[in-house]
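Per-entry structural report
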Amino acid sequence: MNNFSYTKACDIGQAVDLINGNAGHKIVAGGTNILDLLKYFVTEAETIVDINTIEELSSLTEHAEGGIRLGALMTNADTAYHPVIEQQYPLLSKAILAGASAQIRNMATNGGNLLQKTRCYYFYDPAVPCNKRLPGSGCPAKEGHNRIHAILGHSENCIAVFPSDMCVALAALDAVVQISGPDGNREIQFADFHRLPGDTPEIDNNLKQGEVIIGIDLPAETFSDHYSYLKLRDRSSYSFALVSVATAFTLENELIKEVRIALGGVSHKPWRIKEAEQFLAGKTPSEENFAQAADIILQGASAFKHNEFKIGLAKKAIIRNAAMALHPESQRPGAKPSL
Ligand code: SF4
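Quick caveat, the model's predicted, so the values are computed rather than measured.

Observations regarding the side chain of Glu211
Position of Glu211 relative to the elements: it lies in the loop between α9 (190-193) and β8 (212-218). At 2.7 Å, the side chain of Glu211 and the side chain of Arg186 are in polar contact. Within the structure, the side chain of Glu211 is placed 2.8 Å from the backbone nitrogen of Lys208, a separation counted as a polar contact. Excluding residues that lie within four positions of it along the chain, Glu211 makes contacts with Ile19, Ile179, Ser180, Gly181, Pro182, Arg186 and Asn206.

Have a look at this one:
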């Protein structure tokens, strides 16, 4: 780890001032990812700006017109177990609790969850090339160990996946990211926040230098009747998704009125294809219809030597998770979901 200085920001304006115009000034909140990056020499900091004492970012606010705002500094644990989230946005609670470990969720913040880095092995090893860490140096994952890598939206330059569970649910729920920066406040629709790697894999999201995430808004539609988050991974806890699916829908006269399907573990950002959701609208929530929707979602999927299995796994996960969302009670241990 390189030597760095440490300072505290007492309010949002001060945090923006401290990082604006200096890429070497980095914000720390929960520190569950940035400290690893510093320790492994993946990144360097001149100054660490601690924002943990900005109290206004640490709570959940209910909007008078419906919907809520999650403070950027709320921990993942406080968010998942908040009564409003448990009762009104259970999809989000379930996705958060599928991620990391209890200890990490107690420290990790909502803003940090959006900004975490890929867990590509090569990215964390400064002894090898990596276009995301050192643009232009190459991508050893393409010909190397790529079992955990992308099947959708990858580029010649990077095939990494975004590791968050929480963000898959936020994508499905149409969240909006609230940002403060040198030019004032602005918001970004969740679908536009994270980026595909393209020619600039070193840029993970559309947050500009000098900007700070202050909150995440969720709309009034909660999808609390029909929802499910399914995470498929190598072990049952403290493991990143090989494939995950957030599914939520509303029914009218036993037909799908509105549906959301977002995938994790398959791309550089949560993967959501609106054409598939439009295809399902007005149809019966049957296995056949969800299988066709899965084909639309996975159109263009292409695998590498070790992750071909993800394409079939993703299709099965979409179909299975739809059954679980139709009968959320089927998510109890031992229960068998069926469409
Ligand atoms: Fe680096 Fe991306 Fe290639 Fe991994 S997949 S080695 S992060 S460029």
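Section: the packing of aromatic side chains
On inspection of all chains with the given rule, the structure shows 4 aromatic pairs. A centroid spacing of 6.2 Å and a plane angle of 70° characterise the contact between Tyr121 and Tyr122, whose relative ring orientation is edge-to-face. For Tyr121, a relative accessible area of 40% puts it in the partly exposed group. On the accessibility criterion, Tyr122 (14% relative accessible area) is buried. Between Phe123 and Tyr124, the ring centres sit 5.3 Å apart and the planes meet at 85°, which makes this aromatic pair edge-to-face.

Quick word on unusual backbone geometry
Phi angles above zero are rare outside glycine, and Asn253 is one such case at about 50°. For Asn253, the position within the fold is in the loop between β10 (243-252) and β11 (255-264). We note that Glu254 has phi near 65°; this positive angle belongs to a residue other than glycine. Its location among the elements puts Glu254 in the loop between β10 and β11.

Concerning the site of the ligand
What surrounds the ligand is a group of 14 residues, the closest being Cys120, Cys130, Cys139, Cys158 and Ile159. The residue makeup of the shell around the ligand, split by class, is 10 nonpolar, 3 polar and 1 charged.

Examining the sheet that holds strand β1 (residues 5-8)
In space, the 3 strands of this open sheet follow the order β1-β3-β2, with parallel pairing throughout. Across the chains shown, the open sheet's two edge strands, defined by having one partner strand only, are β1 and β2 (25-28). Geometrically, the sheet is characterised by an average inter-axis angle of 30° between neighbouring strands, direction not taken into account. Where β2 meets strand β3 (residues 47-50), 4 bridges bridge the pair, whose relative direction is parallel. What sits directly across from Ile27, in β3, is Val49.

Topic: empty space enclosed by the protein
Counting across every chain of the model gives 3 cavities of 30 Å³ or more. Computed from the structure, the largest cavity encloses a volume of approximately 90 Å³. If you trace the largest cavity, you find 15 residues lining it, with Cys120, Cys130, Lys132, Cys139 and Cys158 closest to the centre. A class-by-class count of the residues in the lining of the largest cavity yields 10 nonpolar, 4 polar and 1 charged. Its boundaries defined by the atoms lining it, the second largest cavity holds a volume of some 60 Å³. Lining the second largest cavity we find Gln116, Lys117, Thr118, Lys132, Val161, Phe162, His194, Asp204 and His268.

Looking at the UniProt feature "domain: FAD-binding PCMH-type" (unreviewed entry) in the protein chain
In the numbering used here, UniProt assigns the "domain: FAD-binding PCMH-type" (unreviewed entry) feature to residues 1-223. Counted over residues 1-223, helix gives 25% and strand 17%. Its end C-alpha atoms are 44 Å apart.

Focus on the nonpolar core
Judged by nonpolar contacts, the single largest core of 40 residues is most densely connected at Leu70, Leu91, Leu92, Leu114, Leu170 and Leu218. Looking at this core, the element that brings in the most residues is helix α8 (residues 166-172), giving 7 residues. Ignoring anything within four residues of it in the chain, the contact list for Leu170 reads Leu92, Leu114, Ala175, Phe190, Ile216 and Leu218. With 28 residues, the next largest nonpolar core counts Leu263, Ala276, Ala294 and Met324 among its residues.

Observations regarding the sheet that holds β8
Strand order in the open sheet made by the 5 strands is β4-β5-β8-β6-β7, with antiparallel pairing throughout. The open sheet has two free edges, formed respectively by β4 (60-62) and β7 (184-189), since each of these has just one partner strand. Within this sheet the neighbouring strands show an average axis-to-axis angle of 25°, counted without direction. Two elements, β4 and strand β5 (residues 68-71), share 3 bridges in a ladder whose sense is antiparallel. Bridge assignment links Leu60 to a residue of β5, and that residue is Leu70. Contacts from helix α1 (residues 12-19) reach β6 (176-181) and β8, with the element oriented near 130° to β8.

About the thresholds
Residues numbered from 1 in each chain as written. Predicted model: local features only at pLDDT ≥ 70, side-chain atom pairs only at ≥ 80, totals over all residues. Heavy atoms only, no water. Helix = DSSP H or I, 4+ residues; strand = E, 2+ residues; numbered from the N terminus. Polar contact = N/O pair within 3.5 Å; in protein donor to acceptor, adjacent residues only side chain to side chain. Contact = heavy atoms within 4.5 Å. Phe/Tyr/Trp six-rings, centres within 6.5 Å; stacked < 30°, edge-to-face > 60°. Buried < 20%, exposed > 50% of the residue type's maximum accessible area, 1.4 Å probe, protein only. Near = heavy atom within 4 Å. Nonpolar A, V, L, I, M, F, W, Y, C, P; charged D, E, K, R; others polar. Pairing = 2+ DSSP bridges. Axes fitted to C-alpha atoms, helices over the stretch in contact; angles between N-to-C directions. 1 Å grid on protein atoms, 1.4 Å probe; cavity = no way out; pocket = protein on both sides within 12 Å on 5 of 7 lines; lining within 4 Å. Points joined across faces, edges and corners; volume = space filled by probe spheres on them. UniProt positions renumbered as here; feature names shortened; annotations may be inferred. Core = buried A, V, L, I, M, F, W, Y, C linked by side-chain atoms within 4.5 Å.

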